[in-house]
Amino acid sequence: MKTRTRFAPSPTGYMHIGNLRTALYEYLIAKANNGDFILRIEDTDQKRYVEGATEIIYATLKRVGMNWDEGPDICGNYGPYVQSERKPIYAEYAHKLVELGGAHYCFCAQQENDDADEENAVPTKFQDPCKHLSLEEAKARIANGEKYVVRQTINKTGKSKFHDVVYGDIEIDYDDLDEGVLLKSDGFPTYNFANVVDDHLMAITHVVRGNEYISSTPKYNLIYESFGWTPPIYVHVPQVMKDAQHKLSKRNGDASFQDLVAKGYLPEAILNYIALLGWNPGTDQEIFSLSELKQTFTAERLNKSPAIFDIAKLTWMNGCYIRALPFDEFHKLAQPFYAQTLTRSVNEEELSRVLQSRIEVLNDIPAQIDFVENVLDFSPELYNNKKMKSDAEVAKQALSYAIEALEKQTNWSNEALFETLKTLAQDKGLKNGQILYPVRIALSGKETTPGGATEIAVILGKDETLRRLKEALAKLN
RNA sequence: GGUCCCAUCGUCUAGUGGCCUAGGACGCGGCCCUCUCAAGGCUGCAACACGGGUUCAAAUCCCGUUGGGAUCACCA
């Protein structure tokens, strides 16, 4: 049987990290087995629908290279792939389930979900009086125009057992299950019903979802059973947490995929990082491309306990990805940041060369290059550096020597400039640092800079370099 | 509260009874390299929640305690 997995988000807003990770695992399970990865939109809750949310889902999946084989926009043999377009299917199966004894019609008023005292609420199990209505009577009331829902019927007693790939065997007492609504009064199914019907009809073999669904899985199995269908292989994954107590959620404004991208994280790095949140390959390898992941991933190595999302490690990993980028690509990615901070014309290639190993996220760029536009105001004390044996007095000398030497300089490459200043230091009986350090300070006005004195000179160009040196020297006099 | 699930360095984790005086990675500290800062190399600090068993031997198995999470909607 061909492996088929599905990512079934509901279009309620941004794509958050936990969601994306679930999608990744679905994708990897399918692709590791030469199977199909299906995208299904679960929009049965019309109240929560957010305009544009499906587009974000598409864009995100495409951006990270997780292409789906079937979906709303890619015809397959199991469509439609949007639940709101499948409404008649659910109704048909809901009524069938009633006939089969797995559900019943219910005419009760909607239950209040009072979350006022959710902390110590002692929920009482809902005992549905309609359960005991005869089918004829129920049908008569429906024919009479009464509003109804289809509610699951649970008559079994004892323990429900099922196997989960990550959690192993789980037992839940049938008594603890409630008879939830399957088909709402508006004719739409609830998730509880739609996912079962769709997963079966779409021939899904592996269901990957958050472990909050563990406790309702027996209810789904009961539905499969009533229909005589085979349940899928379950892969429940632990939550992605913000800290030990709270899970990552979009409601709290926690980072979403697009937020991270906007901050200068590379999609490949984000994907790599979340793959490792709760999964490990059993080796020390940490950097994985999507195709490497496809070859290595096995659901059996998924972890059971929740993982805290650690931005520091993601940042490190992003730095690895930036450094591994071909130079041209990095240069291209850096362009927008130059455009937003620089008006002066500088050697941007050299700037990128110097920056590539020094930033971890693209958004670090502006702060790193602030001095390029204008030399920052600084006090002469900045020339003081014990290790470089530099101070304002040394600087005064060094700067005037440097100006003299550089004015004659024609080859404005880093190597040539470094050679010139090194020889200059030797000639004047100074240490290299005694020339280079003051020059770098004069050129930047910063204690630390990406790149050294000569690299900055290359970035700035000859005219600006000499102008800054002269200005700095004048300030010292 | 009932039920289910989870529990190794601050964080992500390796570990499936002896290879563990618990390994790797991030972060943090130090050193080296070095025209500052990065990068790179080396190195240090740092954990089996607790208590009982089982066993010649337990981070690993069992029980309990504690702590955390999930779930109990016409949301998914």
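Above: the structure in question.
Quick caveat: nothing in here was measured; it's all calculated off a predicted structure.

Reading the values: the criteria
- The numbering scheme is per chain: residues are counted from 1 as the chain's sequence reads.
- As they are written, the chains are lettered A onward and the ligands numbered 1 onward, keeping that order.
- It should be noted that, the model being predicted, local features are given only for residues of pLDDT at least 70 and side-chain atom pairs only at 80 or more, the latter also being counted only at that level, while totals for whole chains, interfaces and linings use all residues.
- Computation of side-chain values covers all heavy atoms of the structure but excludes hydrogens and water.
- Each helix corresponds to a stretch of at least 4 residues labelled H or I by DSSP, and each strand to a stretch of at least 2 residues labelled E; elements are numbered beginning at the N terminus.
- C-alpha atoms define the radius of gyration in this analysis, and the globule rule sets the expected value at 2.2 Å times the number of residues to the power 0.38.
- Buried means the residue's accessible area, taken with a 1.4 Å probe over protein chains only, is under 20% of the maximum for its type, while exposed means over 50%, and partly exposed covers the values in between.
- Any two residues whose heavy atoms approach within 4.5 Å are treated as being in contact.
- Residues counted as positive are Lys and Arg, residues counted as negative are Asp and Glu, and His and the chain ends are not counted.
- Working definition for charges: the position is that of NZ of Lys, CZ of Arg, CG of Asp or CD of Glu.
- Note on definitions: the grid is 1 Å and covers protein atoms alone; a cavity is a set of points where a 1.4 Å probe fits but cannot get out; a pocket is an open set with protein on both sides within 12 Å along at least five of seven lines; lining residues have an atom within 4 Å of a point.
- Grid points are joined across faces, edges and corners, and a volume is the space filled by probe spheres set on the points.
- The classification used treats Ala, Val, Leu, Ile, Met, Phe, Trp, Tyr, Cys and Pro as nonpolar, Asp, Glu, Lys and Arg as charged, and all other residues, Gly among them, as polar.
- Nine residue types can take part in a nonpolar core, namely buried Ala, Val, Leu, Ile, Met, Phe, Trp, Tyr and Cys, and a core is a set of them joined through side-chain atoms within 4.5 Å.
- Helices are assigned an expected span. That span is 1.5 Å times one less than the residue count.
- To obtain the arc, one takes the directions from the helix axis to the C-beta atoms.
- Fitted lines through C-alpha atoms give the axes, limited to the stretch in contact for helices. The angle between two N-to-C directions lies from 0 to 180 degrees.
- Rotating anticlockwise by less than a right angle from the far helix to the near helix defines a left-handed crossing, while the corresponding clockwise rotation defines a right-handed one.
- Polar contact is the term for a pair of N or O atoms within 3.5 Å; when the atoms are in protein, one must be able to donate a hydrogen and the other to accept it, and sequence-neighboring residues count only if both atoms are side-chain atoms.
- Note: two strands are recorded as paired if DSSP finds a minimum of 2 bridges between them.
- Seen with the strands pointing away from the viewer, any crossover whose path from the first strand over the helix to the second strand runs clockwise is right-handed.
- Working definition: residue near molecule or strand if any one of its non-hydrogen atoms lies within 4 Å of it.

S.K.: Provide a residue-level description of the overall build of chain A, including the pertinent values.
M.R.: Scanning chain A from terminus to terminus reveals 19 helices and 11 strands. A globule of 477 residues ought to have a C-alpha radius of gyration of about 23 Å, yet chain A, at 32 Å, is considerably larger. Taken along its principal axes, the extent of the C-alpha atoms in chain A is 105 × 45 × 35 Å. Classification of the 477 residues of chain A by burial places 50% in the buried group. Taking the intrachain contacts of chain A between residues at least 6 apart in sequence as the baseline, contacts between residues at least 24 apart amount to 75%. Where the 54 positive side-chain charges of chain A centre and where its 68 negative ones centre are 4 Å apart.

S.K.: Describe the layout of surface pockets, with residues and values.
M.R.: Counted as a void, the second largest pocket has a volume near 260 Å³. Along its surface, the second largest pocket is lined by 16 residues, and Arg63, Leu266, Pro267, Glu268 and Leu333 are the ones closest to its centre. When residues in the lining of the second largest pocket are grouped by element, the largest group, four residues, is from helix 11 (residues 327-341). For the lining of the second largest pocket, the per-class residue count stands at 10 nonpolar, two polar and four charged.

S.K.: Report on the nonpolar core, specifying residues and quantitative values.
M.R.: Judged by nonpolar contacts, the single largest core of 103 residues is most densely connected at Leu61 and Met66. Examining the composition of this core, we find that nine residues originate from one element, helix 1 (residues 17-32), more than from any other. Listed in part, the 38 residues of the second largest apolar core include Cys130, Phe162, Leu183 and Val207.

S.K.: Requested: an account of unusual backbone geometry, with residues and values cited.
M.R.: Trans peptide bonds make up most of the peptide bonds, and negative phi angles are found at most residues other than glycine. Within the chain, Asn34 stands out as a residue other than glycine whose phi angle is a positive 55 degrees. When you line up the elements, Asn34 lands in the loop between helix 1 and strand 2 (36-39).

S.K.: Which residues make up helix 3 (residues 87-100), and what are the values?
M.R.: Along its 14 residues, helix 3 runs 20 Å from first to last C-alpha, staying within 8% of the 20 Å computed at 1.5 Å per residue. Turning to helix 3, its buried residues number three or more, namely Tyr90, Tyr93, Ala94, Leu97 and Val98. On an axial view of helix 3, the arc spanned by its buried residues comes to 150 degrees, and they lie on one face.

S.K.: Please set out the packing of helix 17 (residues 432-444) against helix 18 (residues 453-460) residue by residue, giving values where relevant.
M.R.: Interaxial distance between helix 17 and helix 18 falls to 8 Å at its minimum, and their mutual angle equals 35 degrees. Where helix 17 crosses over helix 18, the handedness of that crossing is left-handed. In this structure, helix 17 uses Leu436, Val439, Arg440 and Leu443 to contact helix 18, whose residues at the interface are Ala453, Thr454, Ile456, Ala457 and Leu460. Tallied by class, residues from the contact of helix 17 with helix 18 come to seven nonpolar, one polar and one charged.

S.K.: Go over empty space enclosed by the protein with me, naming the residues and quoting the values.
M.R.: Under the definition given, this model contains one cavity of 30 Å³ or more. One number sums up the size of the largest cavity: a volume of about 30 Å³. Lining the largest cavity are Leu406, Leu417, Leu421, Val439, Leu443, Ala453, Thr454, Ala457 and Thr465. At the level of secondary structure, the elements contributing two or more residues to the lining of the largest cavity comprise helix 16 (414-428), helix 17 and helix 18. Counting residues per element, the lining of the largest cavity draws most heavily on helix 18, at three residues.

S.K.: How would you explain the environment of Asn385 if you had to name every residue and give the values?
M.R.: Examined against the element boundaries, Asn385 turns out to sit in the loop between helix 14 (370-373) and helix 15 (392-407). Sequence-distant contacts of Asn385, that is, excluding residues within four places in its chain, are made with Ser390 and Tyr437. Within the local environment of Asn385, its side chain forms a polar contact with the backbone nitrogen of Lys387, the two atoms lying 3.0 Å apart.

S.K.: How would you summarise the environment of Phe7 if you had to cite specific residues and measurements?
M.R.: Mapped onto the elements, Phe7 comes out in strand 1 (residues 4-7). Spatially, the C-alpha atom of Phe7 lies 19 Å from that of Glu268, the residues being 261 residues apart in sequence. Not counting chain neighbours up to four residues away, the residues in contact with Phe7 comprise Met15, Asn19, Ala23, Glu26, Phe37, Ile38, Leu39, Arg40, Ile57 and Leu61.

S.K.: Explain the side chain of Asp36 to me, using residue names and the numbers behind them.
M.R.: Mapped onto the elements, Asp36 comes out in strand 2. Ignoring sequence-local partners within four residues, the contact set of Asp36 consists of Lys2, Thr3, Arg4, Thr5, Ala30, Lys31, Asp69 and Glu70.

S.K.: Give a description of the sheet that holds strand 3 (residues 103-106) that names residues and reports values.
M.R.: Spatially, three strands are ordered 3-4-7 in an open sheet, and the strand pairing comes out antiparallel. Two strands lie at the open edges of the sheet, namely strand 3 and strand 7 (181-183), each paired on one side alone. Each strand axis lies, on average, 45 degrees off the axis of its neighbour in the sheet, ignoring direction.

S.K.: Summarise the pairing of strand 8 (residues 206-210); cite the residues concerned and give the values.
M.R.: Counting buried residues along strand 8, five of its five residues qualify, which places the element largely inside the surrounding structure. Of the pairings in the sheet, the one linking strand 8 to strand 9 (residues 233-237) comprises five bridges and is parallel in character. Looking across to strand 9, one finds that Val207 is bridged to Tyr234. A crossover links strand 8 with its parallel partner strand 9, the connecting element being helix 6 (residues 217-227), and its sense is right-handed.

S.K.: With reference to specific residues and values, describe the protein's contact with RNA strand B.
M.R.: What surrounds RNA strand B is a group of 64 residues, the closest being Thr44, Asn280, Glu286, Arg358 and Gly451. The share of sugar and phosphate among atoms of RNA strand B within 4 Å of the protein is 67%. Measuring from a base nitrogen of RNA strand B, one finds a backbone N or O atom of Cys108 at 3.5 Å. Arg440 places a side-chain nitrogen or oxygen 3.0 Å from a base oxygen of RNA strand B. Looking at the surface near RNA strand B, the elements with two or more residues in it are strand 6 (168-173), helix 5 (191-201), strand 11 (307-308), helix 10 (311-324), helix 16, helix 17 and helix 18. Here the element with the most residues in the surface near RNA strand B is helix 10; it accounts for four residues. Class assignment of the residues belonging to the surface near RNA strand B gives a composition of 23 nonpolar, 21 polar and 20 charged.

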